[in-house]
Amino acid sequence: MKLLTSILSAKQFDRDSLLELYQLASSLEETLKTKRKLKLLDGYILASLFFEASTRTRLSFETAMHRLGGQVITAVGVQFSSLSKGESLFDTLKMIESYADVCVIRHPSQGASELAAKNISVPVINGGDGAGEHPTQALLDFYTIEKKLQLSKNKLKISFIGDNKFGRTIHSLVVLLQHFDVHLHFVNPSELSLPKKYKKILTTANVQFSESENLQTVKDSDVLYMTRIQEERFIDRSLFDRVKDSFKINLDFVEKCKKGVIVMHPLPRLSEVHSELDNSKQAVYFEQAKNGVYVRMAILLKLLKITF
Ligand code: NCD
C-alpha cells in the first residue's frame, strides 16, 4: 500500500490498497474473537474531534483505538469547544498536534479535514466533511460487501436509494467501487441525484451506471444501499418536505428482490428501512456498524505505521 499520511478522500485508494486493507481488517476481526485488547498502540493518543452529530463513527473510532491499546481525547460539538468562543478552526486544530498522534475530524464544512491536514503535522482522518466525503464509512462498506458477496470476484449490481446528492457516504463509496466490476444504479428524487463530479469519475473509469426514480428498478440488485434524506443539508425546506418520504422498503419488498440481496445502510435510519427487516438475513446494517471497528483499527495501524 502507498504510504498513507492522512485519509481525506476515497480517491486515495486503488484496488490493491483496498484489498490489502481488507486483509488487515479481516485478521484483526479474527484476532478479536479471542482477545479483547491488543497492545499495539500503547502510548498513542487519538484526538476525536466531532463538530457535527455522530454516533457510530465516533464510537467505533474510539473503540478501535481502545482495542489497540491506545488512548483517546475528545472534543464534541462546537458548543462545548472553544470554537463557540470564536476561536478559528485553524487555532483549535493547531494545538492538536501537540496533544495527539492522530486525529479524526467531522465538520459541517466540505474540505475541513483537508485544511487540517495541510496545517498540522499528525495524520488526519476525514470523519465526514459536510456533504463532501466520508471515506472511512466507505471503507467499512467496501469491507462488508467484499465479505458478504466477494465483490472482487463477482460482477455486482449495487443500487443506491435515497439521497445521492448530499449523502457523503455514497460519494466516497462510489469512488471506491470504480475499481471493481460493478453496475451502479441510483434511485432518487430528481433533485437529489449524484453530483456531476462523481458521475464523471465513473464515466472516466468506464463503470456502468444508471439512474431512475422508480424503486421497482432495483429488484435485480445484489446490494440495496439505503440512505436517509439529509435534512440538515437542505436550504429549501419545502423541497425537503416534498422528498422526505420518497423511498421506503419493507420485508415484503425485499422478499420480492433477487435471492441473496443484502440491505445496507450507513445509519442513522429514519423510515426508509422498516424495522421488520432487522432480523432478516438480508439486513446487514448492524453488521456494517460492527465492521467499522475492525476497519478503523486497520486504518489507525496503517496511519501510525505499526505492523500487525
Ligand atoms: C452517515 C454520515 O454521517 O454521513 N452516518 C455515519 O457516519 N454512519 C450517514 C447519515 O448521517 O445519514
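Parameters at a glance
Residues numbered from 1 in each chain as written. Predicted model: local features only at pLDDT ≥ 70, side-chain atom pairs only at ≥ 80, totals over all residues. Heavy atoms only, no water. Helix = DSSP H or I, 4+ residues; strand = E, 2+ residues; numbered from the N terminus. Rg over C-alpha atoms; globule rule 2.2 N^0.38 Å. Buried < 20%, exposed > 50% of the residue type's maximum accessible area, 1.4 Å probe, protein only. Contact = heavy atoms within 4.5 Å. Areas by Shrake-Rupley, 256 points an atom, 1.4 Å probe, with all protein chains shown as cover. Near = heavy atom within 4 Å. Polar contact = N/O pair within 3.5 Å; in protein donor to acceptor, adjacent residues only side chain to side chain. Nonpolar A, V, L, I, M, F, W, Y, C, P; charged D, E, K, R; others polar. Phe/Tyr/Trp six-rings, centres within 6.5 Å; stacked < 30°, edge-to-face > 60°.

S.K.: Which parts of the structure should I look at to understand the overall build of the protein?
M.R.: Of regular secondary structure, the protein possesses eleven helices and nine strands. Taking 308 residues into account, the globule formula puts the C-alpha radius of gyration at 19 Å, and the protein, at 19 Å, falls close to it. In the protein, which comprises 308 residues, the share counted as buried stands at 56%. Sequence-distant contacts in the protein: of pairs separated by 6 or more residues, those separated by 24 or more amount to 74%. Of the roughly 13700 Å² that the protein leaves accessible, carbon and sulfur atoms contribute 50%.

S.K.: Just checking my understanding: could you explain the site of the ligand for this structure?
M.R.: Taken together, Thr57, Arg106, His134, Gln137, Arg168, Thr169, Arg228, Gln230, Pro266, Leu267 and Pro268 form the complete shell of residues around the ligand. Separating an oxygen atom of the ligand from a side-chain N or O atom of Thr57 is a distance of 3.0 Å. In the model, an oxygen atom of the ligand is placed 2.9 Å from a nitrogen or oxygen of the Arg228 side chain. Taken together, the residues that form the shell around the ligand break down as three nonpolar, five polar and three charged.

S.K.: I'm lost on the environment of Leu46 in this one. Help?
M.R.: Its place among the elements puts Leu46 in strand S1 (residues 45-50). Once the C-alpha coordinates of Leu46 and Gly128 are considered, the two residues, 82 residues apart in sequence, prove to be 17 Å apart.

S.K.: Teacher, can you tell me more about the packing of aromatic side chains here?
M.R.: The relation between two aromatic rings is expressed through the spacing of the ring centres and the mutual angle of the planes. In total, this model carries nine aromatic pairs according to the counting rule given. Their ring planes at 75° and their centres at 6.4 Å tell us that Phe186 and Phe209 sit as a pair that is edge-to-face. Here Phe186, found in strand S6 (residues 182-187), pairs with Phe209, found in strand S7 (residues 208-212); they are 23 residues apart in sequence, far enough to count as distant. Its relative accessible area of 27% is what places Phe209 among the partly exposed residues. Arranged with centres 5.1 Å apart and planes meeting at 70°, the rings of Tyr285 and Phe286 form a pair that is edge-to-face. The exposure class assigned to Phe286 is partly exposed, which follows from its relative accessible area of 45%. Counting every residue linked through ring pairs, the aromatic cluster contains Tyr22, Phe142, Tyr143 and Phe180.

Read these as layout, nothing more, since geometry by itself doesn't imply function.
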